[in-house]
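Structural description and commentary
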Amino acid sequence: MARSLTLAFAPDLDLTRDALASSTLNHGLMVLGESWVMSVMMGAFTGVTRFEEWQTRLGIPRPTLADRLKTLVELGLMRQRPYQERPRRMGYHLTRAGLKLYPHVLMVWVWERRWGERQAHLPDKLLHAPCGHSFVPTLTCAACGEKTGINDLQLSLKVNKILLDKAALTGRTARLGSANATRMGLGLRVDRWSLMIVTAVVLGCHHFDALVHVLGIASSVLARRLSSMVDAGLLLNQPDLQDARRSVYRLTPASRDLFGYLVCFSTWAAGEYLHQPSSIRPVHKACGNPFVPQASCSACGDALKPWDVSFQGLNRPSH
Ligand SMILES: [Zn+2]
Ligand SMILES: [Zn+2]
């Protein structure tokens, strides 16, 4: 079980470091990894259009909410439109580009339902109109339609030079190395840093010194982050059976479950935002195709479209 996560191979650390820096995950998180962004998007997908609604439902501080909506508009993921009934007031709506984050948002929902601590803001049940069933979003391979888990993929690394240069320009180390990294609003326990660390572990970096090398951050900062992730149930720290002086970091069921989130977000960032291939390239072992994630209905197996899904158990604020 989980064989690919417990491989004893030693990863090429320089390659892994450059692949992480030039991954679409890293670059995507630089723009959408701020606190609350995904909560705002999640709200939009459940029908929130008004500033006050987001504020009441999520309790986001006003200036933060204003800033996040501004960012989402600038990125072209939302646009402002006057209300029909009150033309002087503006509402926020998802654009066509914003709607493409749907599989990712569904993976956030899945993870939050299972492991998160903020379930109050999420719908209890999702209903799929075409088949009429309540469902859980399932990650499948767009090429063959099979349900896909992390162990079904073969990951290969190919550094993207353009994104690597861009990472150097944007001060990757400074941004990612910040000790007061912001939370993403994906649960209370997961932020941009945690996702990068989880990815490094997925790529075979299990020792502290390997993680320092590939993440390029100060060891004191990393030590603090790792211990808080262990406390939060996102990592296990176990004795290394091969070397009694060292310990190894391993994923937990909760962090392994972030895989759907990571792969959907990386794919979105590659195709819709950066227009660059990611340096981390998954292939679906079963069918041999490059893995393109798809969120499917657990009841009927069809790919999920935002307009086909409705919600139950979500307290819609009154209009
Ligand atoms: Zn496949
Ligand atoms: Zn269905």
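Our structure's up above, just so we're on the same page.
The structure reproduced in this document is the subject of the present report.

Conventions used here
- Residues numbered from 1 in each chain as written.
- Chains lettered and ligands numbered in written order.
- Predicted model: local features only at pLDDT ≥ 70, side-chain atom pairs only at ≥ 80, totals over all residues.
- Heavy atoms only, no water.
- Donors = N, O, S within 2.8 Å, 3.2 Å for Na, K, Ca; no water.
- Helix = DSSP H or I, 4+ residues; strand = E, 2+ residues; numbered from the N terminus.
- Buried < 20%, exposed > 50% of the residue type's maximum accessible area, 1.4 Å probe, protein only.
- Pairing = 2+ DSSP bridges.
- Axes fitted to C-alpha atoms, helices over the stretch in contact; angles between N-to-C directions.
- Phe/Tyr/Trp six-rings, centres within 6.5 Å; stacked < 30°, edge-to-face > 60°.
- Salt bridge = Lys/Arg side-chain N within 4 Å of Asp/Glu carboxyl O.
- Parallel < 35°, antiparallel > 145°, perpendicular 65-115°, else oblique.
- Contact = heavy atoms within 4.5 Å.
- Nonpolar A, V, L, I, M, F, W, Y, C, P; charged D, E, K, R; others polar.
- 1 Å grid on protein atoms, 1.4 Å probe; cavity = no way out; pocket = protein on both sides within 12 Å on 5 of 7 lines; lining within 4 Å.
- Points joined across faces, edges and corners; volume = space filled by probe spheres on them.
- Core = buried A, V, L, I, M, F, W, Y, C linked by side-chain atoms within 4.5 Å.
- Expected span 1.5 Å × (residues − 1).

**Topic: the coordination of the zinc ion (ligand 2)**
For the zinc ion (ligand 2), the full set of protein donor atoms is His 128 (ND1), Cys 131 (SG), Cys 297 (SG) and Cys 300 (SG), and the range of their distances to it is 2.1 to 2.4 Å. Taken in chain order, the donor set of the zinc ion (ligand 2) reads H-x2-C-x165-C-x2-C. With Cys 131 in the loop between strand S3 (125–128) and strand S4 (133–135) and Cys 300 in the loop between strand S12 (293–297) and strand S13 (309–312), this residue pair connects regions lying 169 residues apart in the sequence. Since its relative accessible area comes to 33%, Cys 300 is described here as partly exposed.

**Remarks on the sheet that holds S13**
Strand order in the open sheet formed by 3 strands is S4-S3-S13, and the pairing between neighbours is antiparallel. Here the strands that pair on one side only, and so sit at the sheet edges, are S4 and S13. Looking at each pair of strands side by side, their axes are set apart by 40° on average, direction ignored. Here S3 pairs with S4 via 3 bridges, running antiparallel. If you follow Leu 126 over to S4, its bridge partner there is Phe 135.

**A closer look at the packing of aromatic side chains**
For the structure on display, the rule yields 4 aromatic pairs. Ring centres of Trp 54 and Tyr 92 lie 6.0 Å apart, and the angle between their planes is 75°; this geometry places the pair in the edge-to-face category. In this pair, Trp 54 sits in helix H4 (residues 51–58) while Tyr 92 sits in strand S2 (residues 90–94), placing the two residues 38 residues apart along the sequence. Taken individually, Trp 54 and Tyr 92 each receive the classification buried, so the pair is uniform in this respect. Members of the aromatic cluster, connected to one another through ring pairs, are Phe 265, Trp 268 and Tyr 273.

**Quick notes on the pattern of salt bridges**
In the structure shown here, the tally under the stated rule is 12 salt bridges. A salt bridge links Asp 67 to Arg 68, with the nearest nitrogen and oxygen atoms 2.5 Å apart. Taking relative accessible area as the criterion, Asp 67 reaches 35% and is therefore assigned partly exposed. With relative accessibility at 10%, the residue Arg 68 sits in the buried group. Between Lys 70 and Glu 74 there is a salt bridge whose closest N-O contact spans 3.4 Å.

**Let's talk about the packing of helix H3 (residues 37–45) against helix H7 (residues 102–115)**
H7 packs onto H3 with a crossing angle of 105° between their chain directions and a minimal axis gap of 10 Å. One way to sum up the angle between H3 and H7 is to call them roughly perpendicular. Counting all contacts with H3, which are made through Met 38, Met 41, Met 42 and Phe 45, the residues of H7 involved are Tyr 102, His 104, Val 105, Val 108 and Trp 109. Looking at the contact of H3 with H7 residue by residue, the classes come out as 8 nonpolar, 1 polar and no charged.

**Some points on empty space enclosed by the protein**
One pass over the full model with this rule turns up 3 cavities of 30 Å³ or more. Volume-wise, the second largest cavity comes out at about 70 Å³. Elements supplying a minimum of two residues to the lining of the second largest cavity: H3 and H7.

**Description of the environment of Val 37**
With respect to the helices and strands, the residue Val 37 is situated in helix H3. As for Val 37 and Thr 64, which are separated by 27 residues in sequence, their C-alpha atoms are 9.6 Å apart.

**Observations concerning the pairing of strand S5 (residues 137–141)**
Taken across its 5 residues, S5 has 5 buried, putting it largely inside the fold. Of the two faces of S5, the one carrying Pro 137, Leu 139 and Cys 141 and the one carrying Thr 138 and Thr 140 are both buried. Pairing of S5 with S12 involves 5 bridges; the strand directions are antiparallel. Its bridge partner being in S12, Cys 141 is matched across the sheet by Pro 293.

**Details of the nonpolar core**
The nonpolar side chains of a soluble globular protein tend to be buried, and buried together. Judged by nonpolar contacts, the single largest core of 83 residues is most densely connected at Met 41, Trp 54, Met 78, Leu 211 and Leu 215. Per-element tally for this core: the top contributor is helix H14 (residues 259–274), with 9 residues. Excluding residues within four positions of it along the chain, Met 78 makes contact with Val 40, Met 41, Ala 44, Trp 54, Leu 69, Leu 72, Val 73, Tyr 92, His 93, Leu 94 and Thr 95.

**Describing the environment of Ser 39**
Position of Ser 39 relative to the elements: it lies in helix H3. As a C-alpha pair, Ser 39 and Leu 122 span 83 residues in sequence and 9.6 Å in three-dimensional space.

**A word on H7**
Think of an α-helix as 3.6 residues a turn; residues three or four steps apart then line up on the same face. Counted at 1.5 Å a residue, the expected span for H7 with its 14 residues is 20 Å, and the 20 Å between its end C-alpha atoms agrees. Counting buried residues in H7 gives 10 out of 14 residues, a clear majority hidden from the surface. Taken as a whole, H7 has its buried residues at Tyr 102, His 104, Val 105, Leu 106, Met 107, Val 108, Trp 109, Val 110, Trp 111 and Glu 112.

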